[in-house]
Amino acid sequence: MRLICFFVLMLLAHQASADFIRSESFQSADCDFVVVHPFDNDVLYAASGKSIYKKDSSGWRAFYGFKDGKVNQIYLDPSDHCLVYIAADSGLAITEDGEHFETIFNSSGQGIKCLSLIRQAAVVYLGTDSGFYCADAGVYDFKKVSGLPEDIKVFWLEYLSLIHISEPTRPY
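Residues numbered from 1 in each chain as written. Predicted model: local features only at pLDDT ≥ 70, side-chain atom pairs only at ≥ 80, totals over all residues. Heavy atoms only, no water.

Some details on the overall build of the protein
Next up, step 1: On a plain count of helices and strands, the protein comes out with 1 helix and 12 strands.
Next up, step 2: Along its sequence from the N terminus, the protein presents helices and strands in the succession α-β-β-β-β-β-β-β-β-β-β-β-β.
Next up, step 3: The buried share among the 172 residues of the protein stands at 34%.
Next up, step 4: Within the protein, contacts between residues at least 6 apart in sequence are counted, and of these 30% link residues at least 24 apart.
Next up, step 5: Of the roughly 11,600 Å² of accessible surface on the protein, 56% is carried by carbon and sulfur atoms. (Helix = DSSP H or I, 4+ residues; strand = E, 2+ residues; numbered from the N terminus. Buried < 20%, exposed > 50% of the residue type's maximum accessible area, 1.4 Å probe, protein only. Contact = heavy atoms within 4.5 Å. Areas by Shrake-Rupley, 256 points an atom, 1.4 Å probe, with all protein chains shown as cover.)

Below you can see the structure in the form of structure tokens.
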């Protein structure tokens, strides 16, 4: 049995290999994290401190930078390939064309760090170090969600699909 498991693991390990290529044009910045575009695997975004870099067919270039704080999340909207949200210590920015940016939640004067966000249907949810906010997409009039502890910090938001609960009477 051990011998069979060994061969299966070796086969899976061999099948799951990847060829990595070093990007020679992106060497001089510390990279905090990288996000792959959901519609185009050749488009990458890299966060480095308070700056964001974008890689496409023409190579790496500066994409956006905040004056204060660091970038905490880059959210590429899966329903709109042009929509990019950027959560940072100093606020939340959005772009629909990759060139014109708008701050839709300015937190620099309030001392609130934007940590995470997600868009579900027509609502944008924002996790911060001082609570949980939501707003209608396009309007972006963020309101703090009530009923939660006052000192809650929301570091990560994830989409939860309820499709698997379609038959709640199953015994498992």
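Overview of the pattern of salt bridges
Next up, step 1: This model, assessed by the stated rule, comprises 3 salt bridges.
Next up, step 2: Between Arg 119 and Asp 77 there is a salt bridge whose closest N-O contact spans 2.9 Å. Taken together, the residues span a long stretch of sequence, with Arg 119 in strand E9 (residues 114-120) and Asp 77 in the loop between strand E5 (71-76) and strand E6 (84-88) at a distance of 42 residues.
Next up, step 3: Taking the relative accessible area as the measure of exposure, Asp 77 reaches 2% and is therefore buried. (Salt bridge = Lys/Arg side-chain N within 4 Å of Asp/Glu carboxyl O.)

Side note on a negative patch on the surface
Next up, step 1: Together, Asp 80, Glu 96, Asp 97, Glu 99 and Glu 102 make up a region of like negative charge exposed at the surface.
Next up, step 2: As for its placement among the helices and strands, Glu 102 is situated in strand E8 (residues 101-106). (Patch = residues over 30% accessible without salt bridge, like charges linked within 9 Å, V, L, I, M, F, W, Y side chains within 5 Å. Lys, Arg positive; Asp, Glu negative; His and termini not counted. Charge placed at Lys NZ, Arg CZ, Asp CG, Glu CD.)

A look at unusual backbone geometry
Next up, step 1: One non-glycine residue with positive phi stands out, namely Ala 121, at about 60 degrees.
Next up, step 2: Examined against the element boundaries, Ala 121 turns out to sit in the loop between E9 and strand E10 (123-128).
Next up, step 3: Within the chain, Tyr 140 stands out as a residue other than glycine whose phi angle is a positive 55 degrees.
Next up, step 4: Relative to the elements of secondary structure, Tyr 140 occurs in the loop between strand E11 (131-136) and strand E12 (143-144).
Next up, step 5: Given a relative accessible area of 14%, Tyr 140 falls into the buried group.

Some points on the sheet that holds E11
Next up, step 1: A sheet is described by the order of its strands in space; here 4 strands give the open sequence E9-E10-E11-E12, paired in antiparallel fashion. Both edges of this open sheet fall to E9 and E12, since each of them pairs with a single strand only.
Next up, step 2: Note: E9 against E10, 6 bridges, orientation antiparallel. Bridge pairing links Ser 116 to Gly 127 in E10. (Pairing = 2+ DSSP bridges.)

Overview of the sheet that holds E6
Next up, step 1: Here 4 strands make up an open sheet; going across it, the order is E5-E6-E7-E8 and the pairing antiparallel. Either end of the sheet is taken by a strand with one partner, and the two such strands are E5 and E8. Across the sheet, the axes of successive neighbouring strands diverge by a mean angle of 20 degrees, strand direction being ignored.
Next up, step 2: As defined by bridge partners, E6 adjoins strand E7 (residues 91-95) across 5 bridges and the pair is classed as antiparallel. Bridging across to E7, Ile 86 finds its partner in Ala 93. (Axes fitted to C-alpha atoms, helices over the stretch in contact; angles between N-to-C directions.)

Digging into the side chain of Thr 95
Next up, step 1: With respect to the helices, strands and loops of the structure, Thr 95 is situated in strand E7.
Next up, step 2: There is a polar contact of 3.3 Å between the side chain of Thr 95 and the side chain of Asp 97.
Next up, step 3: Dropping the residues within four chain positions of it, Thr 95 is found in contact with Phe 63, Cys 82, Leu 83, Val 84, His 100 and Phe 101. (Polar contact = N/O pair within 3.5 Å; in protein donor to acceptor, adjacent residues only side chain to side chain.)

Comments concerning the pairing of E7
Next up, step 1: Across the 5 residues of E7, 5 count as buried, placing the element largely inside the fold.
Next up, step 2: Of the two faces of E7, both are covered, the one formed by Gly 91, Ala 93 and Thr 95 as well as the one formed by Leu 92 and Ile 94.
Next up, step 3: Counting the residues that bridge the hairpin from E6 to E7 gives 2 residues.
Next up, step 4: Of the pairings in the sheet, the one linking E7 to E8 comprises 5 bridges and is antiparallel in character. Counted as the bridge partner of Ile 94 is Glu 102 from E8.
Next up, step 5: Connecting the antiparallel pair E7 and E8 is a turn made up of 5 residues, with Gly 98 showing a positive phi of about 80 degrees.

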